[in-house]
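# Summary of the model geometry
The lines below spell out each chain.
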Amino acid sequence: MDNNQKEYKVLFVCLGNICRSPAGEGIFKKLVEDKGLAHRFFIDSAGTGGWHIGELPDARMRQHGARRGYDFNSRARKFDVQDFDDFDIILAMDDSNYNNIMRLSPDLESGQKVYRMTDFSRKYSYDHVPDPYYSGADGFELVLDLLEDACGGLLENILEQGNDLRK
Ligand code: 4NP
């Protein structure tokens, strides 16, 4: 199906597109698949930096994800101004990602599509998803905990509360 026909287009964004945002993409994809809603969503991820273009997610992120039943298998790409047109909601992992995305926003309406991932947290009070790149195993587990929680909150917000984030 043409992506433009999908009801809801969601983009996860971090710095390198090899740790946090591919995990967000994979977790949200599995969530909507498990609920039989995959046909309604187009889900992707991107990085504000271009160092890892074409790469699979970081091996540590893949390994921690696999232990929870995820297969993070996207290829890294750089966030592009076209993404403001192509997606309904853009989720930044931290303030630096948020500011880098907003700097590229061509108009008010585009900027209104940008949220922080942790805006949708239910049980955690973090205001960002910490970059795990230079952390140990705990950092990767924390990313998964925060993303599983916030992805659930995001889907709830989109579906159950009938809150159309595109407005
Ligand atoms: P991510 O983590 O933004 O969650 O993908 C990082 C990956 C790579 C780098 C920084 C953060 N890096 O500097 O290469």
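Refer to the structure printed above.
Residues numbered from 1 in each chain as written. Predicted model: local features only at pLDDT ≥ 70, side-chain atom pairs only at ≥ 80, totals over all residues. Heavy atoms only, no water.

## Some thoughts on the site of the ligand
The environment of the ligand is made up of C14, L15, G16, N17, I18, C19, R20, H52, D131 and Y133. A distance of 3.3 Å separates an oxygen atom of the ligand from a polar atom in the backbone of N17. A distance of 2.9 Å separates an oxygen atom of the ligand from a polar backbone atom of C19. Expressed as a share of its isolated accessible area of 350 Å², the protein-covered part of the ligand is 90%. Along the lines of polarity and charge, the residues of the shell around the ligand split into 5 nonpolar, 3 polar and 2 charged. (Near = heavy atom within 4 Å. Polar contact = N/O pair within 3.5 Å; in protein donor to acceptor, adjacent residues only side chain to side chain. Areas by Shrake-Rupley, 256 points an atom, 1.4 Å probe, with all protein chains shown as cover. Nonpolar A, V, L, I, M, F, W, Y, C, P; charged D, E, K, R; others polar.)

## Regarding the packing of aromatic side chains
With the rule as written, the count across this model stands at 8 aromatic pairs. Note on Y70 and F72: the rings are 5.6 Å apart at their centroids and 10 degrees apart in plane angle, and the pair reads as stacked. Neither residue differs from the other here; Y70 and F72 are each classed as buried. Geometrically, the ring pair formed by F79 and F84 is edge-to-face, given 5.3 Å between the ring centres and 85 degrees between the ring planes. Through pairs of rings, three or more aromatic residues link up here, namely Y8, F12, F28 and F41. In this arrangement the basic side chain of R60 is found over the ring face of Y133, its NZ or CZ atom lying 5.4 Å from the centre. Taking NZ or CZ as reference, R116 lies 3.9 Å from the ring centre of Y98, over its face. (Phe/Tyr/Trp six-rings, centres within 6.5 Å; stacked < 30°, edge-to-face > 60°. Buried < 20%, exposed > 50% of the residue type's maximum accessible area, 1.4 Å probe, protein only. Lys NZ or Arg CZ within 6 Å of the ring centre and 35° of its normal.)

These figures come from the coordinates and say nothing about function on their own.
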